[in-house]
Amino acid sequence: MKTLMRAGVLSLSLAALAPAALAQTPSAPAPAAPAADSMFRATTLNLSGVGEVDVAPDMATINLGVQTEAPTAQAAMQANAQQMSQVMAALNRAGIEGRDIQTSNLNLNAQYDYVENQPPRLRGYQASNQVTVKVRNLARLGAAVDATVNAGANQINSISFGLNDRSQAENQARQAAVRDLQAKAQLYAQATGYRVGRLVTLSEGTTYSAPQPPMPYMAMARSESMKDSTPVSGGEMTVRVDISGLYELTR
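Residues numbered from 1 in each chain as written. Predicted model: local features only at pLDDT ≥ 70, side-chain atom pairs only at ≥ 80, totals over all residues. Heavy atoms only, no water.

Student: Give me the sheet that holds strand β2 (residues 59–70): which residues, what numbers.
Tutor: Strand order in this open sheet of four strands is β3-β4-β2-β5, and the pairing throughout is antiparallel. A single partner strand is all that each edge strand has here, and the edge strands are β3 (101–113) and β5 (155–162). The mean inter-strand angle of the sheet, taken between neighbouring strand axes irrespective of direction, is 15°. The sheet contact formed by β3 and strand β4 (residues 121–135) spans twelve bridges and is antiparallel. Looking at the pairing, Asn-105 lines up with Gln-130 of β4. Contacting β2, β3 and β4, helix α3 (residues 73–93) crosses the sheet at an angle of about 150° to β2. The strands touched by helix α4 (residues 141–151) are β2, β4 and β5; relative to β5, the strand with the most contacts, the crossing angle is about 165°. (Pairing = 2+ DSSP bridges. Helix = DSSP H or I, 4+ residues; strand = E, 2+ residues; numbered from the N terminus. Axes fitted to C-alpha atoms, helices over the stretch in contact; angles between N-to-C directions. Contact = heavy atoms within 4.5 Å.)

Student: So, the environment of Ile-62: which residues are in play, and what are the values?
Tutor: Looking at the secondary structure, you find Ile-62 in strand β2. Accessibility expressed as a relative area gives 2% for Ile-62, which makes it buried. A sequence separation of 70 residues divides Ile-62 from Thr-132, and the C-alpha atoms of the two residues are 5.8 Å apart. (Buried < 20%, exposed > 50% of the residue type's maximum accessible area, 1.4 Å probe, protein only.)

Student: Lay out the nonpolar core in plain terms, naming residues and giving numbers.
Tutor: Nonpolar side chains in soluble globular proteins tend to end up buried together. Membership of the largest hydrophobic core comes to 21 residues, with the highest contact counts inside it found for Ile-62, Leu-64, Val-87, Val-133 and Leu-141. For this core, the secondary-structure elements that each account for two or more residues are β2, α3, β4, α4 and β5. Excluding residues within four positions of it along the chain, Val-87 makes contact with Leu-64, Val-66, Thr-148, Ala-151, Gly-152 and Ala-153. In terms of nonpolar packing, the next biggest core, distinct from the first, is built from 17 residues, Leu-163, Ala-177, Met-237 and Val-241 among them. (Core = buried A, V, L, I, M, F, W, Y, C linked by side-chain atoms within 4.5 Å.)

Student: Can you tell me about the side chain of Asn-157, naming the residues and giving the values?
Tutor: Tracing the backbone shows Asn-157 in strand β5. Of note is the side chain of Asn-157, whose polar atom sits 2.8 Å from the side chain of Asn-63. Engagement of the side chain of Asn-157 in a polar contact is seen with the side chain of Gln-130, the distance being 3.4 Å. (Polar contact = N/O pair within 3.5 Å; in protein donor to acceptor, adjacent residues only side chain to side chain.)

Student: Describe the pattern of salt bridges, with residues and values.
Tutor: Once the charged atoms of two side chains with opposite charge are near each other, the side chains can pair. If you walk through the whole model with that rule in mind, you get ten salt bridges. Residue Glu-52 pairs with Arg-240 through a salt bridge whose shortest N-O separation is 3.4 Å. Of this pair, Glu-52 sits in strand β1 (residues 43–55) while Arg-240 sits in strand β7 (residues 237–250); the two residues are 188 residues apart in sequence, bridging distant segments of the chain. Accessibility expressed as a relative area gives 47% for Glu-52, which makes it partly exposed. Overall, Arg-240 belongs to the partly exposed group, its relative accessible area being 30%. With its nearest N and O atoms 2.8 Å apart, the salt bridge here joins Arg-136 to Asp-100. Of this pair, Arg-136 sits in the loop between β4 and α4 while Asp-100 sits in the loop between α3 and β3, placing them 36 residues apart in sequence. Owing to a relative accessible area of 33%, Arg-136 belongs among the partly exposed residues under this scheme. Bridged by salt links that share partners, the residues Glu-52, Arg-240 and Asp-242 form one connected network. (Salt bridge = Lys/Arg side-chain N within 4 Å of Asp/Glu carboxyl O.)

Student: So what about the sheet that holds β7? Which residues, and what values?
Tutor: The strand order across the open sheet formed by three strands is β1-β7-β6, and the pairing between neighbours is antiparallel. Edge strands, defined here as strands with exactly one partner in the open sheet, are β1 and β6 (195–209). Direction aside, neighbouring strands of the sheet carry axes that sit 20° apart on average. Where β6 and β7 come together, 13 bridges link them in antiparallel fashion. Each residue of the ladder has a partner; that of Thr-207, found in β7, is Arg-240. In the packing of helix α5 (residues 167–191) onto the sheet, the strands contacted are β1, β6 and β7, and the crossing angle to β1 comes to about 145°.

Functional significance is not addressed by these values, which are geometric in nature.
Here it is in C-alpha cells:
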C-alpha cells in the first residue's frame, strides 16, 4: 500500500513538473523576415526622358454635315435625308470608302420665335446630320470638301490631321526618349560620384499634337462653277514619347 502511494506521488510530481519543463524549453526561432526589396537597399535614380519627332501628316479627319429646316418634323427629316444622300454619294465619287464615313451626330429640334410678353410660337423644325470622314490621301482632301459642299453639305465643323501608320514615327520618338533618359542618368551618376549599374524599370506614354485651325469654321453652299479646290495645308505634327526609368547606381 505504501509503495502504491509513493508511486502515485511520484507520478503527480512528474506531471506537475512537465508544464514547467515545457515552459523552459527554448522556442523555435521565428522565421526570418523577407529580405527587403533590393530597390530599398540600393542607391537608385528615378528619371524621365522625352523624345519628339516632327512628321508630315498623310491623312485627315473632317466633320461635316447637313442642316435643314421645314414647317414639320417629318419634312425637315426628309429634306435632310435627301440632301445627306447626295453628300454621301459625292464622297464616294471623290474616292472616300464607306468604311471611312461614320455618322457622328443626328438631331431634330423644334424652332420657336420669341416675342416679348407673348408665348413662344413654333416656327418649324431643324434637322441636323453630321458625319466624320477620314481622308486617307491628303491630295484628295480639298476636292472631297468641295464635292460635299456642292452636293449639299452646309456645315464643316472641324478638321484634324494624323498618320495612317504611326509605328515608324513612334519608334523614332522612343529611340530619342531612351537616348535622353540615358544621358540624364549618366549626368546624375557622374555628378554624385556613382556609376549607372542597371535599368530596373521603364514605362512610357505617347502623345500627338498637330496644328489645328484657330476655330471651327462653317462652309455654306458653293457654286458648281468654282474651279479651284479648297486649299488645305496639313503642316507638321509632333509625335512625342514620354518615358520614365528607374536606374540602380553603383560605386
